[in-house]
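Architecture at a glance
If you want the building blocks of each chain, they are given just below.
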Amino acid sequence: MATENKNLSTYDKTKIPNAKDLRFGIVVSEWNTEITSALAKGAFDALIDCGAKAENILKWDVPGSFELTFGSKKMITTQKVDAVIAIGSVIRGETSHFDFVCSATAQGIKDLNVAYDVPVIFCVLTDDTMQQAKDRSGGKHGNKGTEAAIVAIQMAVLGK
Ligand SMILES: Nc1c(NC[C@H](O)[C@H](O)[C@H](O)CO)[nH]c(=O)[nH]c1=O
Ligand SMILES: CC(=O)[C@@H](O)COP(=O)(O)O
């Protein structure tokens, strides 16, 4: 289902585990900070709405989406967190650099989920235009940060 047919911000709180005892890391890329800041707010607000304590949410910034893998690994290996949300916004430019950044970031985050026992949630927008990014970070399609927060809670309690 394409995003245009699914609002990214809708969730049924009665079906989400309470996050009061969970600790979260949020690693945020500074590229396209207008977008990534909105995604991070959406994620933070949703975690709080689902019972998480503000003092149990640790936020780090990294330069770009390519650095999300290292930043998330550092978070996992040095901090006590039950899940990490990796937030980025990659917007296509004139060259193929977009493809390399998107692929490397997706593969890197996937690799972390294989190598470690802490879920890392892929909250990286990969858009052709700034408008598409705005639409998915609090615009007409909702906020992918909200969606990522709900996934983080669900994955943090999986198997427990
Ligand atoms: N063009 C975008 C980038 N590029 C920067 C890379 O992510 C990386 O920081 C650099 O290659 C140094 O390693 N990053 C984004 O997050 N979004 C972009 O649109
Ligand atoms: C995703 C990118 O790295 C891209 O925004 C860089 O732009 P360009 O391909 O025009 O150098």
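Residues numbered from 1 in each chain as written. Chains lettered and ligands numbered in written order. Predicted model: local features only at pLDDT ≥ 70, side-chain atom pairs only at ≥ 80, totals over all residues. Heavy atoms only, no water.

1. Some remarks on the overall build of the protein
The criterion, for reference: Numbering goes from the N terminus for both helices and strands, where a helix is a DSSP run of H or I of at least four residues and a strand is a run of E of at least two. Any residue under 20% of the maximum accessible area for its type is buried, any over 50% is exposed, and the rest in between are partly exposed; the area is computed with a 1.4 Å probe on protein chains only. Methods summary: accessible areas were calculated by the Shrake-Rupley approach with a probe of 1.4 Å, and residue burial reflects only the protein chains presented.
Tallying secondary structure elements over the protein gives 5 helices and 6 strands in all. From first element to last, N terminus to C terminus, the protein shows the α and β order β-α-β-α-β-α-β-α-β-β-α. Over its C-alpha atoms, taken along the principal directions, the protein stretches across nearly 45 × 35 × 25 Å. Burial statistics for the protein: of 160 residues in total, 45% are counted as buried. Surface summary for the protein: the accessible area is close to 8,300 Å², and the carbon and sulfur share equals 54%.

2. Looking at the UniProt feature "binding site: (2S)-2-hydroxy-3-oxobutyl phosphate" (unreviewed entry) in the protein
Where we set the bar: UniProt positions are given in the numbering used here, feature names are shortened, and annotations may be inferred rather than shown by experiment. Only protein atoms enter the calculation, which uses a 1 Å grid: trapped sets of points that fit a 1.4 Å probe without letting it out are cavities, open sets showing protein on both sides within 12 Å along at least five of seven lines are pockets, and any residue with an atom within 4 Å of a point is a lining residue. We call two N or O atoms a polar contact when they sit within 3.5 Å, provided that within protein one can donate a hydrogen and the other can accept it, with sequence-adjacent residues counted only if both atoms are side-chain atoms.
Mapped onto the present numbering, the UniProt feature "binding site: (2S)-2-hydroxy-3-oxobutyl phosphate" (unreviewed entry) falls on Glu-94, Thr-95 and Arg-136. What stands out for the annotated residues spanning 43 residues is how far apart their C-alpha atoms range, the widest pair being 23.3 Å apart. Cross-referencing the annotated residues with the lining of the largest pocket gives Glu-94 and Thr-95. Examined against the element boundaries, Glu-94 turns out to sit in the loop between strand E3 (83-91) and helix H3 (97-115). Inspection of the secondary structure assignment puts Thr-95 in the loop between E3 and H3. Polar contacts involving the side chain of Thr-95 include one to the main-chain amide nitrogen of His-97, which spans 3.2 Å.

3. A few points about the site of ligand 1
What counts here: Any residue with a heavy atom positioned within 4 Å of a molecule or strand is treated as near that molecule or strand. A pocket or cavity is taken to hold a molecule when more than half of that molecule's atoms are within 2 Å of the pocket's grid points. Any residue outside Ala, Val, Leu, Ile, Met, Phe, Trp, Tyr, Cys, Pro, Asp, Glu, Lys and Arg is labelled polar, Gly included; the first ten of those are nonpolar and the last four are charged.
Taken together, Ser-29, Trp-31, Asn-32, Gly-64, Ser-65, Phe-66, Glu-67, Ser-89, Val-90, Ile-91, His-97 and Val-101 are the residues near ligand 1. Asn-32 is positioned with one of its side-chain polar atoms (N or O) 3.4 Å from an oxygen atom of ligand 1. When isolated, ligand 1 has an accessible area of 440 Å², and the protein chains bury 76% of it. Its atoms largely coinciding with the cavity grid, ligand 1 occupies the largest pocket. Secondary structure elements with two or more residues in the shell around ligand 1: E3 and H3. At 3 residues, the largest contribution of residues to the shell around ligand 1 is made by E3. Among the residues making up the shell around ligand 1, the classes are represented as 5 nonpolar, 6 polar and 1 charged.

4. Topic: the sheet that holds strand E4 (residues 120-127)
We apply this condition: Think of it this way: DSSP has to see at least two bridges between two strands before they count as a pair. Angles shown run from 0 to 180 degrees and are taken between the N-to-C directions of axes, each axis being a line fitted to C-alpha atoms and, for helices, limited to the stretch in contact. A contact between two residues is defined here by any heavy atoms of the two lying within 4.5 Å.
The 4 strands lie next to each other as E2-E1-E3-E4, forming an open sheet whose pairing is parallel. Of all the strands in the sheet, the pair left with one neighbour each is strand E2 (57-62) and E4. This sheet shows a mean twist of 15° between the axes of neighbouring strands, independent of strand direction. Looking at chain direction, strand E1 (residues 24-29) and E2 are connected through 6 bridges and run parallel. Paired with Phe-24 across the bridge in E2 is Ile-57. Sheet strands touched by helix H2 (residues 68-78): E1, E2, E3 and E4. Its angle to E1, the strand with the most contacts, is close to 160°. In the packing of H3 onto the sheet, contacts are made with E3 and E4, and the angle to E4 comes to roughly 170°.

5. Some details on the site of ligand 2
If you check the shell around ligand 2, you find Val-90, Ile-91, Gly-93, Glu-94, Thr-95, His-97 and Phe-98 and nothing else. Interatomic distance of 3.0 Å between a backbone N/O atom of Ile-91 and an oxygen atom of ligand 2. Glu-94 places a polar main-chain atom, nitrogen or oxygen, 2.7 Å from an oxygen atom of ligand 2. When isolated, ligand 2 has an accessible area of 320 Å², and the protein chains bury 73% of it. Assessed atom by atom at 2 Å from the grid points, ligand 2 resides in the largest pocket. Secondary structure elements with two or more residues in the shell around ligand 2: E3 and H3. For the shell around ligand 2, the per-class residue count stands at 3 nonpolar, 3 polar and 1 charged.

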